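Results of the structural survey
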Amino acid sequence: MPNNLDDPIIETRGLAKHFGDVRAVDGIDLTIGRGEICGFLGRNEAGKTTTIRMILGKTQPVAAPVWREIATTAAILTERVGDDIKAQDQSDEIAERWAIWRAAKANRANDDNGRGVNSAAIFASLSRTLPEDAVIAVDVGNNTYSFGGYFECTHQSILMSGYLGWIGFGFPAALGAWSVTQDFPELNGRKVVSVSGDGGFGQYMGDFTTAVIMYGMDITHILLNNSKIAKIAKEQRAANFPVWQTDLHNPSFAEFANLCGGTGFRVTDQGDLDQAIADALAVEGPSLVEIITDPEHN
Ligand SMILES: Cc1ncc(C[n+]2csc(CCOP(=O)(O)OP(=O)(O)O)c2C)c(N)n1
Ligand SMILES: [Mg+2]
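Thresholds applied
- Residues numbered from 1 in each chain as written.
- Chains lettered and ligands numbered in written order.
- Predicted model: local features only at pLDDT ≥ 70, side-chain atom pairs only at ≥ 80, totals over all residues.
- Pairing = 2+ DSSP bridges.
- Helix = DSSP H or I, 4+ residues; strand = E, 2+ residues; numbered from the N terminus.
- Axes fitted to C-alpha atoms, helices over the stretch in contact; angles between N-to-C directions.
- Contact = placed C-beta atoms within 7 Å.
- Core = buried A, V, L, I, M, F, W, Y, C linked by C-beta atoms within 7 Å.
- Buried ≥ 20, exposed ≤ 12 C-beta atoms within 10 Å, placed from the backbone.
- Near = placed C-beta within 6 Å.
- Nonpolar A, V, L, I, M, F, W, Y, C, P; charged D, E, K, R; others polar.
- Domains from an automatic or database assignment.
- Parallel < 35°, antiparallel > 145°, perpendicular 65-115°, else oblique.
- Left-handed = near helix turned anticlockwise from the far one by under 90°.

1. Side note on the sheet that holds strand E8 (residues 287–292)
Ordered by their spatial adjacency, six strands build an open sheet running E4-E3-E5-E6-E8-E7, and the pairing between neighbours is parallel. With one partner strand each, in any of the chains shown, strand E4 (157–159) and strand E7 (263–267) form the two edges of the open sheet. Each strand of the sheet is rotated relative to its neighbour by a mean of 20°, with strand direction disregarded. Packed on one face of the sheet, helix H6 (residues 170–183) meets strand E3 (135–138), E4, strand E5 (192–197) and strand E6 (219–225) and runs near 175° to E5.

2. Let's talk about the nonpolar core
By size, the foremost hydrophobic cluster in this structure holds 50 residues, and its most contacted members are Ile-122, Phe-123, Ala-174, Leu-223 and Val-289. Residue contacts for Phe-123: discarding those within four places in its chain leaves Ser-146, Phe-147, Tyr-150 and Phe-151.

3. Let's talk about the site of ligand 1
Surveying the vicinity of ligand 1 reveals 21 residues, the closest of which are Gly-141, Gly-197, Gly-199, Gly-200 and Ala-230. Listing elements by their share of the shell around ligand 1, those giving two or more residues are helix H5 (142–150), E5, helix H7 (198–203) and helix H9 (230–238). Its residues placed into classes, the shell around ligand 1 shows seven nonpolar, 10 polar and four charged.

4. Describing the domain arrangement of the chain
By the assigned domains, the chain splits into domain 1 (10–81) and domain 2 (112–292). Taking only C-alpha atoms, the centre of domain 1 and the centre of domain 2 are 35 Å apart.

5. Remarks on unusual backbone geometry
The backbone of Tyr-215 sits at a positive phi, close to 70°, despite the residue not being glycine. Relative to the helices and strands, Tyr-215 resides in the loop between helix H8 (207–213) and E6. A positive phi angle, close to 60°, is found at Asn-240, a residue other than glycine. Relative to the elements of secondary structure, Asn-240 occurs in the loop between H9 and helix H10 (253–259). The exposure class assigned to Asn-240 is exposed, which follows from the 6 C-beta atoms found within 10 Å.

6. Regarding the packing of helix H4 (residues 119–129) against H5
Any two packed helices are characterised by the angle at which their axes cross and by the distance between the axes. Orientation of H4 relative to H5, taken along the N-to-C sense of each, is 60°, at an axis distance of 9 Å. Between H4 and H5, the interaxial angle falls into the category oblique. Relative to H5, the crossing made by H4 is right-handed. For the pair H4 and H5, contact is made by Ser-119, Ala-120, Phe-123 and Ala-124 and by Ser-146, Phe-147 and Tyr-150, respectively. Of the residues assigned to the contact of H4 with H5, the class counts are five nonpolar, two polar and no charged.

Shown next, in the form of structure tokens:
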């Protein structure tokens, strides 16, 4: 935001975005003052949209893109850089912060407000129980932020919708991921797990029968049921609006899974988490673990 009225409303210096060899935007200097009316013209593919998206902060300027799967790229970079690292080593500081965060997570996992299982306990349990090579599809909602904050990833592959934008992504993505594990021998046998809230799963719950009927897909769905589209309730509160139309009246999702011909588990006590998740993972075919969760704890 400009500090005073004379400051430009938009200012860029050397704004760039390169995709591999394609220089979509290549060094734009732009100054637009308050009240100025400007046209922004260019032929197709000139980079207009990319420029505006960068100015709006929807996408980041990138002058030296690093491509491909990050683990692959990091390995190549490490090899090329060798010991000649001029950057400051921050691993001690990171380890220190990690220890603080782990202690905080352990603390939170013990919270019990009497309104359902808390997210820290759920993702601590998943960190213990999910196989190291699982493929995990996440949804969008407070449950997803909790996954990001609490789950300790080892070698799992994580699938998420672009910009974490699309609720209802998790379970359908698991259907796709499972199919891919059947097609490629190197992925064969990897466990496919999806995680969502009640709102997200509710959007595509009919697809559970797809998993049952089509090949008995071996997918375990973890459903955090807080009877709310809690992320939206949080946004309404943050904007000082009254919380409106965010409560959900749900069926029993575990029972729904059983009725579809899959296997459902229902957890109301955090002490039962590890066992229920392990039992669900052991099912050969679609299973669903419905966890009754605390809407205020994420
Ligand atoms: C298709 C679509 N519709 C609406 C939204 C907005 N949205 C983001 S999160 C969310 C609620 C998610 O509720 P739930 O799945 O129960 O997760 P919780 O926040 O309760 O953990 C909604 C409606 C969206 N991202 N995508
Ligand atoms: Mg919810």
